[in-house]
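Breakdown of the fold
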Amino acid sequence: MARNKEAVVLVIDVGPSMHSVLPEIEKVCSLLIQKKLVFSRYDEVGFVLFGTADTKNELKEEIGGYEHVTVLRNIKVVDEDLVDALQKLPRGSVPGDFLDAIVVGTDMLIKYGQTNKAKRRLCLITNAVSRIKDPFEGTKEDQVNTIATQMTAQGIKMDCVIVRMKQDRETNRSIMEENDFLMSVFSNKSSSKVVYVESPTSLLGALRTRNISPVTIYRGDLEISAQLKIKVWVYKKTSEEKFPTLKKYSERTPSTDKFGAHDIKVEYENKIIEDPNKVVPPEQRIKGFQYGPQVVPISSAELEAVKFKPEKSVKILGFTDSSNIMRHYYLKDVNIFIAEPGNKNAILALSALARAMKEMNKVAIVRCVWRQGQGNVVVGVLTPNVSDKDNTPDSFYFNILPFAEDVRDFQFPSFSNLPSSMQPNEKQQDAADKLVQMLDLAPPGKQEVLPPDFTPNPVLERYYRYLNLKSKHPDAAVPPLDETLRKITEPDVELLSQNKSIIEELRRSFELKDNPKLKKSARRIKERSSGSDEEREVFNKDADVKAIDSMKFSAKTEVEKVGDVNPVKDFEEMLSRRDNPKWISKAIQDMKNRIFDLVENSCDGDTFHKALQCLVALRKGCILEQEPKQFNDFLCHLSKFCQEKDLRSFCLYLTSHEITLITKAEAPDSEISEHEARSFMVKPELDSQNMKSEAKAEDDIMSIYLGGK
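Read on for a plain summary of the structure. It should be emphasised that the depicted structure is a prediction, and the values quoted were computed from it without experimental measurement. (Residues numbered from 1 in each chain as written. Predicted model: local features only at pLDDT ≥ 70, side-chain atom pairs only at ≥ 80, totals over all residues. Heavy atoms only, no water.)

1. Structural notes on the pairing of strand β12 (residues 331-339)
Here five bridges tie strand β8 (residues 229-236) to β12, and the two strands are oriented antiparallel to one another. Counterpart to Trp233 in the pairing with β12 is Ile338. Where β12 meets strand β15 (residues 395-400), four bridges bridge the pair, whose relative direction is antiparallel. Residue pairing for β15: Phe337 is matched across the bridge by Phe396. (Pairing = 2+ DSSP bridges. Helix = DSSP H or I, 4+ residues; strand = E, 2+ residues; numbered from the N terminus.)

Structure representation (C-alpha cells):
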C-alpha cells in the first residue's frame, strides 16, 4: 500500500437549486482527480449524487429509505474515465437531503475500511437550502449526533463546502438556519470542517485537492533555562506550492516496451584543460573555492573539520515587545510549535507561557538547530497563538528572522523632498483616493473578494487542466483562459463599468503628455533660501542649459560604463538598472572619473560646461540613491584638486551656477547643514580674491625690480 493512501467519497448535491453552480463544481471535482493522477495515483475515489430522480444505493436495498441518493461510482482507484464522468454530472429534479447522502457515503467508507487500510474522507458539496425530512425516532440533532459519533469512531473526516450564491439567500430563512445549525453540530462533534463560499472563484479553492500529511521537523525540548524545559513538536504551518518538476523525456525508448520509463540519465566528466582527452577520476578531484582572483583548494577532510556542528536544540534567547519585530523581517515558511501530544505538563506549561506573552504583548527570540550536526543555525521569533476552542491547546507560530548579512536596506527618497510642481494637489489626491476605494478587495462591512484561503494559484490550476487535455490530445493547443481564473488574474469588468465616472475623473485630473528627449542634459536644483524655511528653486543661469522637471531614467540598452559622448545619459541609464546593486556604485565612480578628466583636460575652460552637466547629474543621482556622502566628499576633493592644479576658474564657474554640497534637507543621510553648504560656496570666492592679491603683489615686485635695474 502506498504511503498516505486516501479514500475519498465525493457527495454532491445535484438538485434544482444547484444547477447554476454545477458547471463550477464539475471543474473543481475534475481538478481534484487530475491532481490525484499526478501526485497520488494510488488513491481511491467514490461518487454519490443526491437530489436525483432515481435512487441507487446499497442502504436502499438493505433497509429501505435513502431515496433520491445515487451512487454514481463505488470507491475505486482514480483513472481518466472518472475525470470525464465528473465533467458531465446529471441534473437532478428533486430537492436533496444531505443527511441521507452523508449516511450513504459514510456507509461506503465503513465497508471499504473493513478490507482496506487507508485514510478516509468524505467531501460534501451543497447549498443546504432544502428541508431535511424528520427522522422516524428522535430529532434531527440526535440523528446528526449519531452520525458524527459513528464517523469519529471509524476515523472518518468530513469536509463540507456550503455554496451560497445571492439567489440562495432569498429562500426560506428558517430552513437555512436549521441546516446551518446541523452543520455546526457536525463540526463540534466530529473531525469535520465546514466552509461557506459565495462565488465560483472561492469554490475553486474551497475543496482540498491535495492531501499533505504533516511531518515534524523537530521533536525535543524548548529550553528556557538549564532547569526549565518544555517538550514540544514542531510542524510546518505553511509551505510554498511549487510548480511541478518537468523531467526530460526520451523518444528513443522502443514503442513496444510498455514499461519503458523514457528517462534521460545525465552524466558529467571532469577533464583537464591542458589535455581535454584525459578524464580526471573522482579520487583525484578536490573542491576549489573562489577567493578574490584565485581559487583555494580545500579537501573534503578539511571541509568537514571547519564545519560548524551544533547540538540539536531549541533555546529561548530572550523576550521583546512584538512591536520591535516587523512583519517584513519574516523569512521562508511558517512553523508551529505545539506541546508534546499526551503530555499534560507540557501542554499546561506551553499554554501558560503563551498566555503570559499574549497578555504582556511579548514575543520570544529563539535559536533553533532542528537536527543533530545541522550546519545552518536559524534565529527566529515565537508568536503566541492562544486558542479560542476548548479542545484545541495553545501553541506558537515560528518565523525565521534575518541575520545582518540577510538584510537588504533599500532606501528610497521621500516625496516631500520633491518640488511642489511634482506633488499632487487636493483634487488629484481625492481622485486617486476614490480609485483605491473602488478597487478595494476587502471593503468595510463586506466579504473579501479574493480571500487567500479560497483563492487558488491560477498558474497551477491552468497547468493541471492543460496537462489533462494534453494527455488525451497530444496536439491540443493551449485553451483560452477559464472565466473563473480570469476573475483572479484580471480586474472585474462589471465593477469597472459601474465606476466609469471615477476612472474618468482620475484621467481628467492628470495631464499626460510626451516627454521628448533633450539634446542637452539639464536639471533643476532645489535648495532652501538663506534665513527662511521656505524652499526655493535655483535654475542654471547658463542660457544654453534647459531645466527639466525630473531626471528621466531609461534603460532601453544595457549601458555598462559612462562614456565620453553622452555621459549624462549613460549615467542615468546605469542608475536605472536594478538587475545588480553594483551598477549604482559603478555609475557614481565612473561619473567622478569622467568629471575629473573633463576638468583636468580643459583648454581655457572649453569643457567646463560639459563637466557642469555631469556634476549636476551626479548630484541629482546621489540624492535619489541616498548617497549624499559620496557627492560631498567628491566635491570637496574636486575643489582641492582645482586649487592645487591652478584650476580655480572652475571653482568660480561652479559657484556662479550655485553648485554646492548636499544638505540634510535634501537627503536625510547627509551630515551637512545649510550654513556649511553656504560656507562652501563662499570659500572659492575668497580663494579667487587671494589669488588676485598674490598676482598683484608679484606685479609690484617685478615693476620694482625692473625700475631698479
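Moving on, there is more to tell.
2. Focus on the pattern of salt bridges
Any two side chains of opposite charge can pair, given that their charged atoms come close. A complete count under the given rule lists 37 salt bridges for this structure. Where Glu6 meets Arg121, a salt bridge forms, and the shortest distance between an N and an O atom there is 2.7 Å. Of this pair, Glu6 sits in strand β1 (residues 6-13) while Arg121 sits in strand β4 (residues 119-126), placing them 115 residues apart in sequence. A relative accessible area of 2% means that Arg121 is categorised as buried. A single salt-bridge network, built from bridges that share partners, covers Glu6, Lys36, Asp43, Arg121 and Asp159. (Salt bridge = Lys/Arg side-chain N within 4 Å of Asp/Glu carboxyl O. Buried < 20%, exposed > 50% of the residue type's maximum accessible area, 1.4 Å probe, protein only.)

3. Things to note about the sheet that holds strand β11 (residues 313-321)
The seven strands lie next to each other as β7-β8-β12-β15-β14-β13-β11, forming a closed barrel whose pairing is mixed. The average angle at which neighbouring strand axes cross in this sheet is 35°, direction not considered. By the bridge criterion, five bridges tie strand β13 (residues 362-369) to strand β14 (residues 378-385) in an arrangement that is antiparallel. Residue pairing across strands places Ile365 opposite Val381, the latter belonging to β14. (Axes fitted to C-alpha atoms, helices over the stretch in contact; angles between N-to-C directions.)

4. Points about the state of the cysteines
Considering all chains together, one arrives at zero disulfides under this definition. Between Cys651, a free cysteine, and Cys642, which holds the nearest cysteine sulfur, the sulfur-to-sulfur gap is 4.3 Å. (Disulfide = S-S within 2.5 Å.)

5. Let's talk about the nonpolar core
Ranked by internal contacts, the top residues of the largest apolar core, which has 43 residues, are Phe571, Ile595, Val599, Leu615, Leu618, Leu638 and Phe650. Within the residue set of this core, elements represented by two or more residues are α15 (567-576), α16 (582-600), α17 (608-624), α18 (628-644), α19 (648-656) and α20 (674-708). Looking at this core element by element, the count peaks at 10 residues for α17. Look past the residues within four positions of Leu615 in its chain and what remains in contact with it is Ile595, Phe631, Phe634, Leu635, Leu654 and Ile659. (Core = buried A, V, L, I, M, F, W, Y, C linked by side-chain atoms within 4.5 Å. Contact = heavy atoms within 4.5 Å.)

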